[in-house]
Amino acid sequence: MNSKKKVGKEIFLKINGKEETVFCQPAETLLFVLRNRLYHTEVKEGCGKGDCGACTVLLDGVPVDSCLVLAYQAQGKEILTVKGLGTAEKIHPLQKKFIEKGAIQCGFCIPGQLLSAKALLEKNPKPSREDIKRAISGNLCRCTGYKKIIEAVEAASKV
Amino acid sequence: MIRDHLFPKTIEEALVLLKEYKGKARLIAGGTDLIADIRRNEFDFEVLVDIEKIKKLRSIREEGKNIFIGSGVTFTELEENELIKANAQVLSQAASLMGSPQVRNRGTIGGNIVSAQPAADGALALFALDAMLEIAGTKGIREIPIDKAYLDIGKSIINPSREILVGIRFEKRKKGEGSNYQRVAIRKAMALPILACGVFVKSMDRSIVSARIAIGPVSHTPFRAREAEGFLKGKSLFPETFERAGEIASEEVNPRDSRLRGSSIYRGGLSAVLVKRGLEGALANIG
Amino acid sequence: MEEGKMTELRIIGKNVPRHDAIEKAFGLTCYADDFFMPGMLYGKVLRSQYPSAKILSIDTSKAERLGGVKGILTAKDVPRNETVTRFGQTHAMGGGFEGLYRVLADKKVHFMGEAVALVAAETEEIAERALDLIRVEYQPLPGVFDPLEAMKPDALKVQEGKSNIITHYEVVKGDLEKGFSEADVIVEHRYHVPFVDHAYLEPESGVAWIDENGVITIRVSTQVIEHFRTVADILELPHNRVRVIGTYVGGGFGGKEDITVETFLALLTFKTGRPVKLTYTREESILCHSKRHPYVMEYKTGAKKNGQLTALEARIISDAGAYVYLSPWVLLYSMVDASGPYRIPHVRIDGYTVLTNNTFTSANRGFGAPQVCFAYESQMDELARELRMDPREIRKINYLEKGEKLATGQILEHYVALKETTDRAFQALRERTPVKGDLKIGRGIASGMTSYGRMVFLHDTSRSYVSIEMDGSVTIRAGVQDIGGGQASSLCQIVAEVLGVPLEDIKVYIADTALTPLAGTTTATRQLYMSGNATLMAAQEVRKTLLKKAGEMMGLDPQRLDLVDREVIDTEGSGKSLSLIEVVRACASDGLPLYNVALYKAPFRNLTQYERIEGQVFPDFTFGTHAAEVAVDEETGRVEVLKLIACFDVGRAINPLSVEGQLEGGAIYGMGYGLTEEVILEKGQTITPSFSEYLIPTSMDVPDVQTILIESGDGVGPFGAKGVGEPSVCSVAPAIANAISDAMGVRIFELPLTPEKIVRALRKKREGV
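Since the model is a prediction, treat every value here as computed from it, not as a measurement. (Residues numbered from 1 in each chain as written. Chains lettered and ligands numbered in written order. Predicted model: local features only at pLDDT ≥ 70, side-chain atom pairs only at ≥ 80, totals over all residues. Heavy atoms only, no water.)

## Regarding the environment of I286 of chain C
Residues and elements named next belong to chain C.
Reasoning step 1: For I286, the location among the structural elements is in helix α8 (residues 282-288).
Reasoning step 2: Classification of I286 as buried rests on a relative accessible area of 0%.
Reasoning step 3: Spatially, the C-alpha atom of I286 lies 29 Å from that of R315, the residues being 29 residues apart in sequence.
Reasoning step 4: Each residue touching I286, except ones within four places of it in the same chain, is listed here: D197, K291, T686, T688, P689, S690, F691 and Y694. (Helix = DSSP H or I, 4+ residues; strand = E, 2+ residues; numbered from the N terminus. Buried < 20%, exposed > 50% of the residue type's maximum accessible area, 1.4 Å probe, protein only. Contact = heavy atoms within 4.5 Å.)

## Quick word on the packing of helix α3 (residues 93-100) of chain A against helix α4 (residues 110-123) of chain A
Residues and elements named next belong to chain A.
Reasoning step 1: As a packed pair, α3 and α4 sit with axes 10 Å apart at the nearest point and diverge in direction by 130°. The angle between α3 and α4 falls in the class oblique. In terms of crossing hand, the pair formed by α3 and α4 is right-handed. In this structure, α3 uses L94, Q95 and F98 to contact α4, whose residues at the interface are I110, Q113, L114, A117, K118 and L121. (Axes fitted to C-alpha atoms, helices over the stretch in contact; angles between N-to-C directions. Parallel < 35°, antiparallel > 145°, perpendicular 65-115°, else oblique. Left-handed = near helix turned anticlockwise from the far one by under 90°.)

## Let's talk about the interface of chain C and chain B
Reasoning step 1: Chain C puts 25 residues into the contact, and the matching count from chain B is 19 residues.
Reasoning step 2: In total, about 2100 Å² of surface goes out of reach between chain C and chain B, with carbon and sulfur atoms giving 55% of it.
Reasoning step 3: It is E635, R638 and E756 of chain C that lose the most area in chain C upon contact with chain B, and together they represent 25% of the buried surface on that side.
Reasoning step 4: There are seven salt bridges connecting chain C and chain B.
Reasoning step 5: For the salt bridge of E678 of chain C with R259 of chain B, the shortest nitrogen-to-oxygen distance reads 3.5 Å.
Reasoning step 6: Here chain C is connected to chain B by twelve residue pairs in polar contact (both at pLDDT 80 or more).
Reasoning step 7: The element best represented in the side of chain C that touches chain B is helix α19 (residues 755-766) of chain C, accounting for four residues.
Reasoning step 8: Each residue belonging to the side of chain C that touches chain B can be placed in one class, and the counts come to eight nonpolar, five polar and twelve charged. (Buried area = accessible area lost by both parts, 1.4 Å probe. Salt bridge = Lys/Arg side-chain N within 4 Å of Asp/Glu carboxyl O. Polar contact = N/O pair within 3.5 Å; in protein donor to acceptor, adjacent residues only side chain to side chain. Nonpolar A, V, L, I, M, F, W, Y, C, P; charged D, E, K, R; others polar.)

## Section: the pattern of salt bridges
Reasoning step 1: All told, the structure shown has 94 salt bridges over all chains when counted by the stated rule.
Reasoning step 2: When the shortest N-O distance is used, the salt bridge between E80 of chain B and K123 of chain A registers 2.6 Å. In this pair, E80 of chain B is assigned in helix α3 (residues 75-80) and K123 of chain A in helix α4, connecting two distinct chains.
Reasoning step 3: For K123 of chain A, a relative accessible area of 59% corresponds to the exposed category.

## Brief notes about helix α5 (residues 89-97) of chain B
Residue and element names in this part refer to chain B.
Reasoning step 1: The element α5 is extensively covered by neighbouring structure, given that seven of its nine residues are classed as buried.
Reasoning step 2: Within the span of α5, buried status applies to Q89, V90, L91, S92, A94, A95 and S96.
Reasoning step 3: Within two residues after α5, G99 carries a phi angle of roughly 55°, on the positive side.

## Observations regarding empty space enclosed by the protein
All names here are of chain C.
Reasoning step 1: Here the structure, examined in full by the defined rule, presents eleven cavities of 30 Å³ or more.
Reasoning step 2: There is about 690 Å³ of room inside the largest cavity.
Reasoning step 3: Contributing to the lining of the largest cavity are 43 residues, with G485, Q487, T525, Q662 and G725 lying nearest its centre.
Reasoning step 4: Contributions of two or more residues to the lining of the largest cavity are made by α9 (327-337), α13 (487-499), α14 (527-554) and α16 (656-675).
Reasoning step 5: Among the residues forming the lining of the largest cavity, the class breakdown is 15 nonpolar, 20 polar and eight charged. (1 Å grid on protein atoms, 1.4 Å probe; cavity = no way out; pocket = protein on both sides within 12 Å on 5 of 7 lines; lining within 4 Å. Points joined across faces, edges and corners; volume = space filled by probe spheres on them.)

## Some thoughts on the sheet that holds strand β25 (residues 595-601) of chain C
Residue and element names in this part refer to chain C.
Reasoning step 1: Here four strands make up an open sheet; going across it, the order is β21-β20-β19-β25 and the pairing mixed. The two strands at the open ends of the sheet, each matched to only one other strand, are β21 (506-510) and β25. Going from strand to strand, the sheet's axes swing by 20° on average, the running direction of each strand aside.
Reasoning step 2: Here five bridges tie strand β19 (residues 461-468) to strand β20 (residues 474-478), and the two strands are oriented antiparallel to one another. Bridging from a neighbouring strand, V466 pairs with I476 of β20.
Reasoning step 3: Across the sheet, α14 is in contact with β19 and β25; its angle to β25 comes to roughly 145°. (Pairing = 2+ DSSP bridges.)

What follows is the structure, given as structure tokens:
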């Protein structure tokens with residue numbers, strides 16, 4: 001092993017359908033790289049160790065805590081952040097319902113909530129309330145008490 | 001400092017890499033435990049060898065009398081797998097209760113075993129199933145019973161810098177057999193258990209042929225309540241039997257006082273309750 | 001509405017989507033840590049390893065030599081390391097209300113996690129390595145960790161030379177001995193509530209930079225931009241050279257009310273000349289930011305056979321931790337709230353707040369009200385039990401009414417809806433859930449009285465600027481800090497109503513000490529009340545100008561005109577109308593002001609003495625009741641909250657969805673306080689360092705909270721609104737505690753009501769202890 005060689009390499013990450021190249025080191029988490037190297041600050045850090053879900057992204061459609069995925073492990077996979085879910089020009093029904101139902105207060109947990117909900121609806125288009133609660137059980141919220149988030153997901157499933 | 005992260009395609013390739021780095025490389029599966037260590041700067045390896053691309057480690061399949069689960073299978077996969085639901089309710093239940101959906105989507109049963117925590121839900125279920133571990137090293141393959149794999153808190157007999165846990169094997173469920181998982185935690189998601197218990201029961205003609213009861217965290221490793229198990233042999237299926245078994249189990253265990261988890265008395269008492277409920281549940285799950 | 005005519009409210013009371021909610025749904029909001037500047041350094045804080053120790057030496061030489069390190073600071077490098085804590089008020093109250101604020105530990109550390117040194121480096125990683133290279137030589141000292149111990153005259157002094165008792169207050173009414181002699185039953189208990197964390201999802205964070213004019217700008221997640229004054233004092237700069245920009249906050253709850261990262265950022269940017277970012281880790285946040293005060297509360301309550309309360313004697317002791325911060329204020333709130341919303345002829349309450357070597361305690365949603373509500377509402381149920389009375393009945397007999405006085409003598413000048421909220425909350429529980437297996441079902445209620453608006457001694461004011469642009473779009477500038485409760489968007493709603501423009505025509509600029517009129521803190525559930533009123537006033541002045549000019553242009557009396565949908569219309573049917581833009585242009589052409597800055601003042605009072613709490617302390621209170629139904633697993637002690645009802649008189653719901661959101665969120669915040677949350681300190685060391693150990697409710701833990709809004713219109717906020725942010729929390733834990741008590745037949749006198757405590761209480765009951 002040549003210890004003089006610079007540690008790290010350029011990797012390809014596919015984020016919201018777009019390939020982005022970024023230099024990163026093996027110890028860097030996907031969360032760190034997304035926020036600090038690629039400026040995808042829509043992915044939030046709440047705890048850094050998988051206890052809160054604020055950093056949730058979809059990895060090949062599956063919700064994961066990006067603070068518990070190494071950037072190297074995300075190579076070759078599809079990463080979806082809330083910006084890839086929908087925009088003002090093309091709003092996703094979940095975003096629309098979250099806004100309409102008053103499910104957003106401080107908003108910090110919302111990107112993660114939306115993505116966990118999206119993964120749920122892809123797998124289970126007509127979820128029960130219990131299904132919804134379970135799907136977002138890894139996304140802590142301190143403001144809303146979850147009620148309007150659950151109602152919003154339910155409403156979106158009926159669209 | 002971690003210098004590299006490699007993705008071998010086969011077990012052999014992985015073993016070669018581990019050997020090459022002479023103990024400075026370490027296997028990584030989902031990474032949910034390891035990355036927490038990396039964040040705290042509590043690690044001593046330089047290279048990560050990722051099992052993600054090794055297909056053999058990702059499967060769940062029938063192998064004659066047994067079920068084989070590759071070490072790279074995630075908790076979500078365990079929770080949702082029909083074979084597991086049919087043959088090892090204790091494991092699908094345990095898998096469904098640990099962590100959060102995000103953590104279950106990445107955490108693997110192999111990683112769980114190698115991290116050797118006495119409260120690990122997956123571990124308790126596998127103890128109840130009397131699972132065998134298949135481990136591959138440079139000297140070949142060996143099989144050890146799971147209860148030999150746990151040496152101490154955080155210390156596994158498997159050295160992830162030298163060998164690979166290939167998978168777990170346990171017997172398919174036969175007639176008269178059932179299993180169940182019980183868990184008490186402060187909240188219903190993302191919480192380590194105050195106490196948990198995996199139970200397996202085999203019954204015939206309205207009496208118990210054998211039982212396996214695994215409880216944690218009450219010790220440095222997952223704990224088999226062998227006295228309670230011994231008591232149950234041949235006993236009839238009365239509620240008093242289960243209650244008595246629970247009492248015996250609560251006397252066997254010796255959890256220490258923990259300001260976070262709870263006092264020794266409380267957790268001892270909980271052991272009795274969860275063993276009783278686990279037995280009732282396992283019986284109800286008999287096919 | 002003063003000028004012109006208004007038939008019915010068009011936007012007030014409607015569930016209009018919030019502008020910030022839209023941005024947040026798209027992930028566009030730039031929170032504090034989302035901001036980057038060219039050449040930005042990363043700051044880190046070195047924190048003490050001991051709760052009590054002397055600092056013998058600090059050697060930063062090795063750290064300074066590490067490549068990439070650009071600045072290291074210790075106490076000696078801070079121009080003014082010690083000053084007085086202020087919380088945005090401009091009126092100095094004296095009397096021990098403000099305590100010592102020390103930036104960096106100097107010679108001693110007083111709590112675990114106290115800041116000792118600051119580092120700025122090119123990357124976060126280098127900054128962390130630099131922390132490891134700073135050599136601090138500590139001499140551990142004994143510490144005091146129990147406020148009851150710390151109160152004793154011979155106790156170790158936490159801060160040099162001063163008594164550990166920061167403040168003692170009393171409330172005295174009537175004749176206690178007489179009161180107890182008239183009682184047929186007396187109930188006496190001791191209650192304990194723990195340290196808890198705000199647990200906002202966004203950790204403390206900010207970025208600061210210094211510009212070519214030497215102005216330091218701090219862009220920070222905060223509830224109080226007015227801290228710019230303290231930061232300036234510490235740097236010995238004039239106030240007008242420190243600018244604080246408040247971001248949209250990812251949760252505050254009182255935890256971002258004190259200075260968190262501001263001073264550290266300002267110092268590091270001042271020292272290095274470069275922008276600096278500082279974001280706490282979650283562990284750092286739990287370790288070192290303020291906590292809710294633990295209280296020991298001894299309550300002795302007497303009542304007659306018919307349920308009428310006769311006397312209350314209470315002693316309240318709060319753990320202030322190592323620094324004063326808001327401890328005296330929190331205690332004062334508790335003193336006013338301690339007797340609850342009840343008519344009690346004879347009262348004596350003594351309150352103490354005491355320094356210890358624990359983490360410092362300060363504001364947390366409810367600010368002293370939740371603690372005492374747990375005590376007084378448990379007492380009410382205990383009395384009900386002794387007297388074999390229905391818990392609702394005993395409360396209704398004793399609830400104060402409008403016009404009556406609290407024990408402190410403050411007259412309740414506004415409608416008290418408690419009888420209604422009690423009945424409606426309880427009724428909403430409907431049929432009892434049938435018993436399942438080993439579970440015991442129980443029901444409980446609890447009522448709360450929580451102030452909104454700051455203490456009147458603070459001479460609170462708020463300012464807001466409203467202007468209409470040449471194209472008819474509207475600008476609001478207000479120093480309001482938005483912490484997620486719609487503080488900014490409610491201002492837009494108010495202006496939309498008054499000026500008759502759609503919400504999308506309004507842009508609000510918030511929280512910038514250089515550019516927005518200061519609106520005061522986002523604390524004490526005061527923003528809607530204070531800034532809502534200020535904004536209302538400003539908008540009304542602009543409306544007046546517009547309608548006066550329109551009246552001239554239309555040849556009509558302005559009193560019959562209204563602003564609707566970007567037009568001036570005649571409400572008396574002449575059919576005449578003008579577009580808003582025409583009127584705006586005409587005003588501009590005539591040099592008339594198309595803007596207004598309004599100052600809203602709360603009632604002012606001056607304190608002459610600081611021991612006995614008497615007279616008016618708060619502008620108003622919000623009253624409400626929580627009802628809970630729980631299922632208790634007696635074998636494991638696990639509690640499930642099956643039903644939780646919140647019924648509140650909110651005055652007027654400006655945005656009903658927002659109000660419901662506060663009540664629902666507050667209910668779960670309170671549920672966590674009641675069942676699962678505790679920051680456990682052992683000899684000053686936190687053993688619940690992360691979100692793995694500190695457990696707030698997840699989506700799987702919550703009941704379907706039902707909210708019932710009563711709108712009496714009798715609040716002091718705009719359109720008769722009352723504040724609900726904090727009131728939504730206070731009576732939740734006691735309602736759940738009362739329900740658990742009902743289920744088990746035995747009461748627990750401390751929070752949180754963990755499974756182990758429940759099993760222990762049941763065992764004691766069985767053993768007849």
